[in-house]
Amino acid sequence: MPYARLSASGNVREQAQSVERTGMGDLLARLSVNLYGAPALSLREFPRYHQDWIIGATLQVQAPTGHYYHEKLVNIGTNRWAVKPELGASKAPGPWTLESEASVVFFTDNDEFYGGNVRHQNPLFAVQAHAIYNFSAKLWGRSTEPTTPAAARP
């Protein structure tokens, strides 16, 4: 369970405002499983292992357990569930490791949002890609493309 302290200030309708919140955040649970590749290795086998394909899946669930006040606009908790399935793959040709991951986050509605409103959010889709070059056993470099949620695209 995360614990958070939030402090913010700014102008709202040209008047200086500030807010502070302290409390428990929403519980986050994650289950990950390798579907293919990456076998369990002994300590003796590990140095000789050479990766080929690895495919894995993750399911992450965020439960609305954090501090939430329906009469306040700024909260630590979200008062809604979020579920995020992910699928990832990794391939290591030579000194390169190429990785990709696709995910989507589904949200339930927050029926007690500020001002008696309902907060509804469409699913967020994301894709990531990474290219890693292993110069030696002790040195590597990584280039990462930023995640672009589908909702943010024009």
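So, how was this worked out
- Residues numbered from 1 in each chain as written.
- Predicted model: local features only at pLDDT ≥ 70, side-chain atom pairs only at ≥ 80, totals over all residues.
- Heavy atoms only, no water.
- Helix = DSSP H or I, 4+ residues; strand = E, 2+ residues; numbered from the N terminus.
- Buried < 20%, exposed > 50% of the residue type's maximum accessible area, 1.4 Å probe, protein only.
- Contact = heavy atoms within 4.5 Å.
- Areas by Shrake-Rupley, 256 points an atom, 1.4 Å probe, with all protein chains shown as cover.
- Lys, Arg positive; Asp, Glu negative; His and termini not counted.
- Salt bridge = Lys/Arg side-chain N within 4 Å of Asp/Glu carboxyl O.
- Patch = residues over 30% accessible without salt bridge, like charges linked within 9 Å, V, L, I, M, F, W, Y side chains within 5 Å.
- Pairing = 2+ DSSP bridges.
- pLDDT = per-residue confidence, 0-100.

Caption draft 1: Structural context of the overall build of the protein. A tally of helices and strands in the protein yields 0 helices and 10 strands. Ordered by position from the N terminus, the helices and strands of the protein form the series β-β-β-β-β-β-β-β-β-β. The buried share among the 154 residues of the protein stands at 19%. Counted over contacts in the protein with a minimum sequence separation of 6, partners at least 24 positions apart contribute 49%. Looking at the protein as shown, the accessible area adds up to about 11,200 Å², and 58% of this sits on carbon and sulfur atoms.

Caption draft 2: Up close: the environment of Gly-77. Mapped onto the secondary structure, Gly-77 falls in the loop between strand 4 (53-63) and strand 5 (82-91). On the basis of relative accessible area, Gly-77 is assigned to the buried category, the value being 5%. Sequence spacing of Gly-77 and Gly-66 is 11 residues, and the spatial spacing of their C-alpha atoms is 4.1 Å. Not counting residues within four places of it along the chain, the set of residues in contact with Gly-77 comprises Asp-26, Gly-66, His-67 and Tyr-68.

Caption draft 3: Expanded view of the side chain of Arg-21. By the element assignment, Arg-21 lies in strand 2 (residues 15-24). Although Arg-21 lies buried, it forms no salt bridge, and the closest oppositely charged side chain, Glu-71, sits 7.6 Å away as judged by the N-O distance. With sequence-adjacent residues up to four places away left out, Arg-21 is seen in contact with Ala-4, Arg-5, Leu-6, Lys-72, Val-74 and Ile-76.

Caption draft 4: Examining a nonpolar patch on the surface more closely. Together, Val-33, Leu-35, Tyr-36, Trp-53 and Leu-87 give the surface a local cluster of nonpolar side chains, amounting to about 530 Å² of exposed area. When residues in the nonpolar patch are grouped by element, the largest group, 3 residues, is from strand 3 (residues 27-36). One can find Tyr-36 in strand 3.

Caption draft 5: Structural detail: the pairing of strand 1 (residues 3-12). Counting buried residues along strand 1, only 0 of its 10 residues qualify, which leaves the element largely exposed. Taken together, strand 1 and the strand that follows it, strand 2, pair antiparallel across an intervening segment of 2 residues, in which Arg-13 is found at a positive phi of about 55°.

Caption draft 6: View of the confidence of the model for the protein. Put simply, the protein has an average pLDDT of 89, and 89% of its residues get 70 or more. Mean pLDDT in the protein bottoms out at strand 10 (residues 139-144), which sits at 64, and peaks at strand 5, which reaches 98.

Caption draft 7: Region of the structure containing the pattern of salt bridges. Tallied over the entire structure, the rule returns 4 salt bridges. Here Glu-20 ties to Arg-5 by a salt bridge, and the two come within 3.3 Å at their closest N and O atoms. Residue Glu-20 is found in strand 2, and its partner Arg-5 is found in strand 1; the two are separated by 15 residues along the sequence. Both residues of the pair, Glu-20 and Arg-5, count as exposed. Asp-52 is paired through a salt bridge with Lys-91; the nearest N and O atoms lie 2.4 Å apart. Within this pair, whereas Asp-52 is found in the loop between strand 3 and strand 4, its partner Lys-91 is found in strand 5, the two being separated by 39 residues in sequence. With relative accessibility at 24%, the residue Lys-91 sits in the partly exposed group.

Caption draft 8: Geometry of unusual backbone geometry. Phi is positive for Glu-14, close to 65°, though the residue is something other than glycine. With respect to the helices and strands, Glu-14 occurs in the loop between strand 1 and strand 2. Judged by relative accessible area, Glu-14 falls into the exposed class, the value being 81%. The phi dihedral of Ala-38 is positive, around 50°, even though this residue is not glycine. Secondary-structure assignment places Ala-38 in the loop between strand 3 and strand 4.

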